Amino acid sequence: MTAAASGAQILTLTGLRFDASLGVLDHEKTAPQPIQVDAELSLGRQPLAPRDDDLTHVLDYRRVRQIIIDECTAEHLNLLESLIGKLAQRLMQLPGVQGVRVKIAKLEIFDDCEVAIRVETGAW
């Protein structure tokens, strides 16, 4: 594959919002709270166009979205660090994924700011 026929491919999902059970405060343990997840998945060097127009030959972003939601809502976790580590590990298991960047933000923990953590793992 020549350099002109290929390029680094990154699948990106940004602004994915849903409720998750997360945190150490009493109200966080009793009610889910809104979070936002941004994810980038490095697929390494890929042809500029897939070999055909078949969804089964690429990483389906609908599947990635559902995995993010499922992992973040599966159980209550006290720490944002625990959740992001669990999610990053799961995304790294997807076929063809060489690297993962994930940011999870707690949207309503403070009135004056957003609290977030970001992790990067794998090859970029």
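Look a little higher up for the structure.
Residues numbered from 1 in each chain as written. Predicted model: local features only at pLDDT ≥ 70, side-chain atom pairs only at ≥ 80, totals over all residues. Heavy atoms only, no water.

Digging into the pattern of salt bridges
Per the counting criterion, the structure on display carries nine salt bridges. For Glu40, the salt bridge identified is with Arg101, shortest N-O distance 3.9 Å. In this pair, Glu40 sits in strand β2 (residues 33-47) while Arg101 sits in strand β3 (residues 99-106), placing the two residues 61 residues apart along the sequence. For Glu71, the salt bridge goes to Lys86, with nearest N and O atoms at 4.0 Å. Taken together, the positions of Glu71 in helix α2 (residues 61-73) and Lys86 in helix α3 (residues 80-92) put the pair 15 residues apart, joining distant regions of the chain. (Salt bridge = Lys/Arg side-chain N within 4 Å of Asp/Glu carboxyl O. Helix = DSSP H or I, 4+ residues; strand = E, 2+ residues; numbered from the N terminus.)

Structural notes on α2
The terminal C-alpha atoms of α2 lie 18 Å apart, and with 13 residues this matches the ideal 18 Å at 1.5 Å per residue to within 8%. Within the sequence span of α2, burial applies to Val64, Ile67, Ile68, Ile69, Glu71 and Cys72. Buried-residue contacts for α2 involve β1 (6-20), β2, α3 and β3. (Expected span 1.5 Å × (residues − 1). Buried < 20%, exposed > 50% of the residue type's maximum accessible area, 1.4 Å probe, protein only. Contact = heavy atoms within 4.5 Å.)

Observations regarding the sheet that holds β2
Taken together, the four strands give an open sheet; going across it, the order is β1-β2-β3-β4, and neighbouring strands pair in antiparallel fashion. Looking at strand neighbours, the two that pair on one side only are β1 and β4 (115-122), the edges of this open sheet. For this sheet, the mean angle separating the axes of adjacent strands, direction not counted, is 10 degrees. Most of the contacts of α2 go to β1, to which it runs at about 40 degrees, and overall it touches β1, β2 and β3. Contacting β2, β3 and β4, α3 crosses the sheet at an angle of about 150 degrees to β3. (Pairing = 2+ DSSP bridges. Axes fitted to C-alpha atoms, helices over the stretch in contact; angles between N-to-C directions.)

A closer look at the nonpolar core
With 29 residues, the main nonpolar core has Ile68, Leu91 and Ile104 as its most contacted residues. Put simply, the parts of the chain that give this core at least two residues each are β1, β2, α2, α3 and β3. (Core = buried A, V, L, I, M, F, W, Y, C linked by side-chain atoms within 4.5 Å.)

A short note on α3
With 13 residues, α3 extends 18 Å between its outermost C-alpha atoms, agreeing within 8% with the 18 Å of an ideal straight helix rising 1.5 Å per residue. Buried residues of α3: Leu80, Leu83, Ile84, Leu87, Ala88 and Leu91, and no others. The buried residues of α3 occupy an angular sector of 125 degrees when projected down its axis, which confines them to one face. Where α3 is buried, its residues touch β2, α2, β3 and β4. (Arc of directions from axis to C-beta.)

Re the pairing of β3
Looking down a regular strand, the side chains alternate between one sheet face and the other. Burial within β3 is extensive, with seven of its eight residues counted as buried. Pairing of β2 with β3, which is carried by eight bridges, proceeds in the antiparallel orientation. Looking across to β3, one finds that Asp38 is bridged to Lys103. Alignment of β3 against β4, held across eight bridges, turns out to be antiparallel. Across the sheet, residue Val102 finds its bridge partner in β4, namely Val119.

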